Amino acid sequence: MRVKICGITQPQQSIAIASLGATALGFICVPDSPRYVTIAQIQTAITPIPQNIDKIGVFANTTILEISQVVTESGLTGVQLHGEETPEFCHQLRQSLPQVEIIKAFRVRSLEHLQTTRNYTDYVDSLLLDAYHPQQLGGTGQTLDWHKLNQEFSPSLPWFLAGGLTPDNILTALAQIKPNGIDLSSGVEHSPGHKNLDQVALLFEKLAQLSVVSG
Ligand SMILES: O=C(O)c1ccccc1N[C@@H]1O[C@H](COP(=O)(O)O)[C@@H](O)[C@H]1O
């Protein structure tokens with residue numbers, strides 16, 4: 001299972017989090033976020049990180065030009081679109097950045113809303129489900145209803161579960177639903193952008209238990 005730790009702002013924490021077992025590191029490229037990082041900060045954070053670790057930039061409601069510039073200059077390997085981006089936008093982004101993984105995030109307002117994910121199947125590599133918050137785009141710590149989601153959501157693309165995941169609730173979540181990846185931000189933080197490495201380590205201890213249980 002892929003494990004993405006998102007909202008990293010400090011370069012030395014990238015190295016530590018990758019060493020603890022993350023398969024993907026996430027960098028917030030949304031200027032309003034307290035976790036926002038510049039191109040220079042991303043470059044510094046990802047330069048020492050092994051190639052096999054995905055480096056994902058999180059964007060929301062910005063332009064293809066802006067995303068392309070950040071990706072090209074920073075060395076990101078993937079893009080997470082966390083706003084209201086349309087399938088057509090994803091299609092155009094794919095043409096601009098053919099080698100880059102595109103993850104389309106959905107802030108799930110209702111289970112009916114999940115049907116819209118089908119419109120993206122041909123244009124993105126992966127989906128991500130986050131909880132909806134009326135004022136904040138992400139990093140809210142709010143959880144989804146994992147049990148209902150398991151009943152209603154069976155996409156044809158690989159997908160990440162996000163939204164309020166923590167070392168304390170991760171095994172409960174994964175007992176109810178089987179995503180291809182998980183994405184954690186505020187659940188492993190001291191404060192926005194300052195990751196709690198003890199919590200990240202505890203997360204991987206919990207996931208190791210799961211591997212033992214599921215054989
Ligand atoms: O983390 C942010 O500040 C952020 C800002 C704008 C868009 C997305 C953002 N984060 C994403 O939010 C989810 C879930 O976060 P949490 O675990 O509930 O804190 C995650 O996918 C982040 O990439």
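Here the structure is a predicted model, which means the values were calculated and not measured. (Residues numbered from 1 in each chain as written. Predicted model: local features only at pLDDT ≥ 70, side-chain atom pairs only at ≥ 80, totals over all residues. Heavy atoms only, no water.)

What makes a disulfide is a covalent bond joining the sulfur atoms belonging to two cysteines. The final tally for this structure, using the stated rule, is 0 disulfides. For C29, which is in no disulfide, the shortest distance to another cysteine sulfur is to C6 and amounts to 9.2 Å. (Disulfide = S-S within 2.5 Å.)

What follows deals with the site of the ligand. Near the ligand, the surroundings consist of 22 residues, among which S33, R35, G139, D183 and S186 are the closest. Within the backbone of G164, one N or O atom sits 2.8 Å away from an oxygen atom of the ligand. S185 is positioned with one of its backbone polar atoms (N or O) 3.1 Å from an oxygen atom of the ligand. When contributions to the shell around the ligand are tallied by element, the ones reaching two or more residues are β1 (2–6) and β6 (126–131). Its residues assigned to classes, the shell around the ligand shows 7 nonpolar, 11 polar and 4 charged. (Near = heavy atom within 4 Å. Polar contact = N/O pair within 3.5 Å; in protein donor to acceptor, adjacent residues only side chain to side chain. Helix = DSSP H or I, 4+ residues; strand = E, 2+ residues; numbered from the N terminus. Nonpolar A, V, L, I, M, F, W, Y, C, P; charged D, E, K, R; others polar.)

It is at 10 Å that the axes of helix α3 (residues 64–74) and helix α4 (residues 87–96) come closest, and there the two elements cross at 35°. Where α3 crosses over α4, the handedness of that crossing is right-handed. The residues of α4 that touch α3, namely those facing I64, I67 and S68, are F89, Q92, L93 and S96. Class assignment of the residues belonging to the contact of α3 with α4 gives a composition of 4 nonpolar, 3 polar and no charged. (Axes fitted to C-alpha atoms, helices over the stretch in contact; angles between N-to-C directions. Left-handed = near helix turned anticlockwise from the far one by under 90°. Contact = heavy atoms within 4.5 Å.)

A few words now on the pairing of strand β4 (residues 78–81). Residues G78 and Q80 line one face of β4 and the alternating positions V79 and L81 line the opposite face, and both faces are buried. Pairing analysis gives 4 bridges linking strand β3 (residues 54–59) to β4, with the strands arranged parallel. Counterpart to G57 in the pairing with β4 is V79. Considered for its hand, the β-α-β crossover made up of β3, α3 and β4 is right-handed. As defined by bridge partners, β4 adjoins strand β5 (residues 101–108) across 4 bridges and the pair is classed as parallel. The residue of β5 that forms the bridge with V79 is I102. (Buried < 20%, exposed > 50% of the residue type's maximum accessible area, 1.4 Å probe, protein only. Pairing = 2+ DSSP bridges. Right-handed = clockwise from strand over helix to strand, strands pointing away.)

Within the structure shown, the criterion is met by 2 aromatic pairs. On the basis of an interplanar angle of 80° and a centroid distance of 5.1 Å, the ring pair of F106 and Y120 is categorised as edge-to-face. Linking F106 in strand β5 with Y120 in the loop between β5 and β6, this pair joins segments that are 14 residues apart in sequence. Residues F106 and Y120 agree in their burial class; the two are buried. Taking 5.0 Å as the distance between ring centres and 90° as the angle between the ring planes, the aromatic pair formed by F153 and W159 counts as edge-to-face. K104 extends its terminal NZ or CZ atom over the ring of F106, reaching a point 4.9 Å from the ring centre. (Phe/Tyr/Trp six-rings, centres within 6.5 Å; stacked < 30°, edge-to-face > 60°. Lys NZ or Arg CZ within 6 Å of the ring centre and 35° of its normal.)

Function cannot be read off these values alone, since they describe shape.
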